[in-house]
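Observations on the model geometry
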Amino acid sequence: MKRPLGLVVLCYGLGIVVGDVVTIPAARSLTFGLAMAAVCISSVKARAWLLPVLLFFCGVANLALYKQTLSPVDLRLLTASEPLLATVRGVVERVDVRKAIVGDEEVLRASARLRLTAIAAERSGWQPAHGWLLASTRVAKGSPVRPGQEVEITGLLKPPPEAFARGMFDYRAHLARRQIHRQLEFEADRDLRIVADCPLSWAERFQTWSMGVLGMGFEPDDPAVGMLWALCVGWLLPLTDEVSEPFMRSGTMHLFAISGQHVALIAGILVALLRLVRIPRRAVGWLVIPILWFYTAATGWQPSAVRSTIMMTVIIVGWTLERPVDLLNSLAAAAFLILLWDPQQLFQAGFQLSFAVVASIGLLMPPIELWRQRLLRTDPLLPLELRPVWQQRLDLPLRFVTVSFAVSLAAWLGSLPLIMAYFHLFTPVGLIANIIVVQFGSLALASALGSLLCSSVAPFMTELFNHAAWFFAHAMASSSAWFSELPGAWCYVKAPPLVAMAAYYVALLLVVSGRLWRAWRWAVPAFLGLGVIILGSWHYEYRDARLTVLPLKGGHALFLERSGGGNCLINCGDAVNWRYRTRPFLQAQGINHLDDFVLTHGDVRHVGAATNVLAELAPRRIVLNPVGQHSLPYRRFETVAADLGFEIVRPADGETFHGWTVVHPARGDKLTRSDCSALVMRIELEGTKLLHAPDLDAEGWRRLIERHPRLTADVLIASSVGDGSTLANGLSQLARPAQLIVVDTEIPATERLTDEAKSRLAGCGEATAFSSQSGAIELRFRAGQRLRVDSPRMR
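Note that this is a predicted model, so its numbers are computed, not measured.

Structural notes on the overall build of the protein chain
Broken down by element type, the protein chain carries 28 helices and 24 strands. Taken against the 2.2 N^0.38 rule, which gives 28 Å for 795 residues, the C-alpha radius of gyration of the protein chain at 30 Å falls within 12% of a compact globule. Expressed as a percentage of its 795 residues, the buried residues of the protein chain come to 48%. For the protein chain, the accessible surface area stands at approximately 38,600 Å², while carbon and sulfur atoms represent 62% of it. If the 76 positive side-chain charges of the protein chain are averaged to one point and the 65 negative ones to another, these points end up 9 Å apart.

Notes on helix α2 (residues 26–42)
A turn of α-helix holds 3.6 residues, and therefore any two residues three or four places apart point the same way. The end-to-end C-alpha separation of α2 is 24 Å, in line with the 24 Å expected for 17 residues at 1.5 Å each. Those residues of α2 lying buried are Ala 26, Ser 29, Gly 33, Met 36 and Cys 40. For α2, the arc enclosing every buried residue in end-on projection is 95°, short of the 170-degree limit, so these residues lie on one face. Exposed positions of α2 whose direction lies more than 90 degrees from the buried face are Ala 27, Arg 28, Thr 31, Leu 34, Ile 41 and Ser 42.

Considering the packing of aromatic side chains
Geometry of an aromatic ring pair is reported as the spacing of the ring centres plus the angle between the planes. Following the criterion strictly, the structure yields 14 aromatic pairs and no others. Plain terms: the ring middles of Phe 471 and Phe 472 are 5.4 Å apart, the flat faces sit at 65° to each other, and that makes the pair edge-to-face. Since its relative accessible area comes to 49%, Phe 471 is described here as partly exposed. By relative accessible area, which is 17% here, Phe 472 ends up buried. Here the aromatic cluster, defined as three or more aromatic residues joined through ring pairs, consists of Phe 206, Trp 209 and Phe 294. Directly above the ring of Trp 126 sits Arg 89, whose terminal nitrogen or CZ lies 4.2 Å from the centroid. One Lys or Arg, Lys 758, reaches over the ring of Phe 770 and ends 5.9 Å from the middle of that ring.

Side note on the sheet that holds strand β12 (residues 567–570)
As summarised here, the arrangement of the eight strands in space is β15-β14-β13-β12-β11-β10-β23-β24, forming an open sheet in which the pairing is mixed. Sheet topology places β15 (647–649) and β24 (788–790) at the edges, where each strand pairs with a single neighbour. Strand-to-strand, the axes of this sheet are offset by a mean angle of 15°, without reference to chain direction. With five bridges joining them, strand β10 (residues 545–552) and strand β23 (residues 777–781) adopt antiparallel strand pairing. Of the residues in β23, the one forming a bridge with Thr 548 is Glu 778. Across the face of the sheet, helix α24 (residues 632–643) comes into contact with β13 (596–598), β14 (621–623) and β15 while running at roughly 135° to β15.

Some points on the pattern of salt bridges
One pass over the full model with this rule turns up 33 salt bridges. Among the ionic pairs, Asp 74 bridges to Arg 76, the shortest N-O distance being 3.1 Å. Among the residues examined, Asp 74 registers a relative accessible area of 8% and is labelled buried. Given a relative accessible area of 22%, Arg 76 falls into the partly exposed group. Shared partners join several salt bridges into a network, and the residues in it are Arg 166, Lys 494, Asp 544, Arg 546, Glu 561, Glu 778, Arg 780 and Arg 782.

Brief notes about helix α15 (residues 389–423)
Given a rise of 1.5 Å per residue, 35 residues ought to cover 51 Å, and the 47 Å separating the end C-alpha atoms of α15 matches this to within 8%. The largest bend along α15 reaches roughly 50° and is located at Ser 415, with the proline Pro 417 sitting one to four residues downstream.

Considering the nonpolar core
If you look at the biggest cluster of nonpolar residues, it comprises 31 residues, and the most contacted ones within it are Leu 231, Cys 232, Phe 256 and Met 476. The set of elements that each furnish at least two residues to this core consists of α7 (202–214), α8 (223–233), α16 (430–457) and α17 (462–484). Aside from chain neighbours lying at most four places away, what touches Cys 232 is Leu 214, Ile 258, Tyr 295, Thr 299, Leu 445 and Ala 448. Listed in part, the 30 residues of the second largest apolar core include Cys 572, Val 607, Ala 610 and Val 613.

Concerning the packing of α7 against α8
For any two helices packed against each other, the geometry comes down to the angle between their axes and how far apart the axes lie. Two elements in contact, α7 and α8, have axes whose closest approach is 10 Å; the angle formed by their N-to-C orientations is 140°. Comparing their axes, α8 and α7 come out oblique. Crossing geometry of α7 relative to α8 is assigned as right-handed. On α8, the residues that touch Gln 207, Ser 210, Met 211 and Leu 214 of α7 are Val 225, Leu 228, Trp 229, Cys 232 and Val 233. Residues of the contact of α7 with α8, tallied by class, amount to seven nonpolar, two polar and no charged.

Section: unusual backbone geometry
The peptide bond linking His 664 to Pro 665 adopts the cis configuration, its omega dihedral lying at 0°. Inspection of the secondary structure assignment puts Pro 665 in the loop between β17 (660–664) and β18 (680–685). Backbone geometry places His 424, a non-glycine residue, at a positive phi of 55°. Position of His 424 relative to the elements: it lies in the loop between α15 and β8 (425–426). Of note, Glu 686 is a non-glycine position whose phi angle comes to about 50°, a positive value.

Overview of the sheet that holds strand β20 (residues 715–719)
Spatially, the seven strands line up as an open sheet ordered β16-β17-β18-β19-β20-β21-β22, and their pairing is mixed. The sheet terminates laterally at β16 (656–657) and β22 (767–770), the two strands that pair on one side only. As defined by bridge partners, β17 adjoins β18 across three bridges and the pair is classed as antiparallel. Bridged to Thr 661 within β18 is Arg 682. Most of the contacts of helix α27 (residues 755–762) go to β22, to which it runs at about 150°, and overall it touches β21 (739–743) and β22.

Here's the deal with the state of the cysteines
Enumeration according to the criterion identifies zero disulfides in this entry. With no disulfide of its own, Cys 572 lies 12 Å from the sulfur of Cys 568, the closest cysteine sulfur. Using a relative accessible area of 0% as the deciding quantity, one classes Cys 572 as buried.

Description of the pairing of β18
Taken together, the five bridges between β18 and strand β19 (residues 688–693) define a ladder with antiparallel strand orientation. Directly across from Met 681, in β19, lies its bridge partner His 692.

Structural notes on the environment of Thr 600
Note that Thr 600 resides in the loop between β13 and α22 (604–607). Setting aside residues no more than four positions away along its own chain, Thr 600 makes contact with Ile 570, Asn 571, Asn 625, Ser 677, Ala 678, Leu 679, His 692 and Pro 694.

Structural notes on the pairing of β12
Burial of β12 is two-sided: the residues Asn 567 and Leu 569 facing one way and the residues Cys 568 and Ile 570 facing the other way are all buried. Of the pairings in the sheet, the one linking strand β11 (residues 555–561) to β12 comprises four bridges and is antiparallel in character. Paired with Phe 559 across the strands is Leu 569, a residue of β12. With antiparallel pairing between neighbouring strands as the criterion, β11 and β12 make up a hairpin whose turn holds five residues, including Gly 564 at a positive phi of roughly 90°. Looking at chain direction, β12 and β13 are connected through three bridges and run parallel. What sits directly across from Leu 569, in β13, is Phe 597. As for the winding sense of the linkage, the β-α-β connection from β12 through helix α21 (residues 575–588) to β13 is right-handed.

Digging into a nonpolar patch on the surface
Judged by side-chain polarity, Leu 273, Leu 276, Val 277 and Leu 453 come together as a nonpolar surface patch covering roughly 400 Å² of accessible area. The topology assignment puts Leu 453 in helix α16. Exposure remark for Leu 453: the relative accessible area of 46% places this residue in the partly exposed category.

Some details on the confidence of the model for the protein chain
In low-pLDDT regions, the fine details of the predicted coordinates are not to be read closely. Of all residues in the protein chain, 94% attain a pLDDT of 70 or more, and the chain-wide mean is 83. Averaged over each element, pLDDT in the protein chain is lowest for helix α19 (residues 515–518) (59) and highest for β13 (94).

Analysis parameters
- Residues numbered from 1 in each chain as written.
- Predicted model: local features only at pLDDT ≥ 70, side-chain atom pairs only at ≥ 80, totals over all residues.
- Heavy atoms only, no water.
- Helix = DSSP H or I, 4+ residues; strand = E, 2+ residues; numbered from the N terminus.
- Rg over C-alpha atoms; globule rule 2.2 N^0.38 Å.
- Buried < 20%, exposed > 50% of the residue type's maximum accessible area, 1.4 Å probe, protein only.
- Areas by Shrake-Rupley, 256 points an atom, 1.4 Å probe, with all protein chains shown as cover.
- Lys, Arg positive; Asp, Glu negative; His and termini not counted.
- Charge placed at Lys NZ, Arg CZ, Asp CG, Glu CD.
- Expected span 1.5 Å × (residues − 1).
- Arc of directions from axis to C-beta.
- Phe/Tyr/Trp six-rings, centres within 6.5 Å; stacked < 30°, edge-to-face > 60°.
- Lys NZ or Arg CZ within 6 Å of the ring centre and 35° of its normal.
- Pairing = 2+ DSSP bridges.
- Axes fitted to C-alpha atoms, helices over the stretch in contact; angles between N-to-C directions.
- Contact = heavy atoms within 4.5 Å.
- Salt bridge = Lys/Arg side-chain N within 4 Å of Asp/Glu carboxyl O.
- Bend = angle between axes of the 7 residues up to and from the residue.
- Core = buried A, V, L, I, M, F, W, Y, C linked by side-chain atoms within 4.5 Å.
- Parallel < 35°, antiparallel > 145°, perpendicular 65-115°, else oblique.
- Left-handed = near helix turned anticlockwise from the far one by under 90°.
- Nonpolar A, V, L, I, M, F, W, Y, C, P; charged D, E, K, R; others polar.
- Disulfide = S-S within 2.5 Å.
- Right-handed = clockwise from strand over helix to strand, strands pointing away.
- Patch = residues over 30% accessible without salt bridge, like charges linked within 9 Å, V, L, I, M, F, W, Y side chains within 5 Å.
- pLDDT = per-residue confidence, 0-100.

What follows is the structure, encoded as structure tokens:
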């Protein structure tokens, strides 16, 4: 077999996937695996058939050992899923510092991964504990702890947050893949005690030294220097959302992960330098490998760096031993070693993207290279000297550009479905952007490496290399921003279904290998049938009307996707909620433009980020309240929207727009408070009547009932705070809805709905849901079928 490790990793990986879907006790899978191993050893004839089965159960058992609760003092057994005050003792393994937005202020947050040794929960005493947790706090400058320290921390222990809404990032599942099932929030100045300190590790000293060397000759807050720190040593603090967004949209964000490009470039430079001074081949390999692992450790053992270094180690070992190197076989060996150490890596985006890109380059480059050579082929009988001068001069640049484009195309094709699934982005500009930006990134990285090498032996060269690295980093950022601003450079998309992703990769392999054309009798009908199934499922989903209720801190927003097309956003939240909730949700739904944007009233917690919606989503029509609002952000938005020429409508009681009918307020109402004049609307979706009544006070409910005494709705969405009496009194005068959704808030605590109020409101609808308990709520309407109500916390 040409690539035997490919089959090994395939069987082992399949076992990991099955073990994740079906829970098989670790003892049972281990017992069966040992039995298979005994049969393989004793029976030569059965060995070839049973080895794949053995590898399969090894994958199942290894994942079970990671996922299942085996220790009697596991943290998940000692603590409930409800938040509780606890003191924990453990060893710090990793620390990250990132920038975050709290209110209107940009702050630093430090997160430390702790390996627990003991816990004291609330009034209980100390007891041994096993597991990991993520301790987070706000800091002024840097992290209050360092890796290797033993600490005691008192804080609020709770499970990590789940996905806010459908399609959004699930932080709880993300941490669970890293063996972290609890999160601890604390105050660094009073809740932290260092039990046992430790000296600075050599990795921390190297990182501090290298950042100082790379910053020589520049101001510390220079953005290009911050990019160099992120690019070379993995210090991601300067990589804010504003800096990283153009790289995300141009498809070049992978430059800032210490990955294959970094490791391969450093290995190539070191091998070239050592071979230049005539060091033997075998000695070169055994010198370069420790240096690569030193670099991986110095940059914080990032998973992408570890994966790349394992891969490069396998390749260099083969090169050193003068064995033929097969890229795909070496890739399979690296994947098997990584999954043997940590099977949960298989489900992480970084692992999938890294191996998909390298595998696609290894598989797709040979046929693409054949097509490239055929396209640029010249007359083979014509000597090189007799070719036109312009052809001779263009030969080398043209070869460089076309080969770079071929590599970019192979990597883009291999990573396309995964980027759409994890980042909801489709970036066709990445095909061209990577040719330019990656070259600038490589030159910046090479210059930074030259600066570090010269800092001790030739200090006068350090600043020269630093200025070269600064120039290339600045060029990298500028070109990435330019590419991201091109028309059609990128767009947000929904995550494709798994069956569509699998069909894409199979079709891609068959097409580039030429086997699709040789086996067209069965392959073409099979893919046509699969395409019909995928299109049918998309059409089936397209028939539904979906309304999502997004609870925001102190407010809420609604997003409607109509059956057959069209969308509507009602309110958007303030700037913080827009940044962390509303906008990510819309991006996950593949929304790039809005049809209708509705502002119900002037409460800043509902409409504070309205100008951001104008800038980023360019709604075709803006629907405003017919009654003037006194809110300054609301009035500023009206002025900006009118100056930019957006279509603005102000429907009043009885008037309609795109399926919605306004039932309150009436034109000419004299209402002084925004909660009294909030826009109340109703709509019928696939036979279901829905009413939205946001933030109405007692006066608003009175006027609504007076105008519409027989107002009915199958679904009522309303907000309430405090004792809930205003909403309860208003609902008592309406027909009892089949589904009542109460948007309440946990923050601020002064407006939190009391338990007594929840009990009273629960009887106002046949089925009642509170957003503080269920999170974002999705209503799915389909003609002739019962209303479906779903939420991440209801599953």
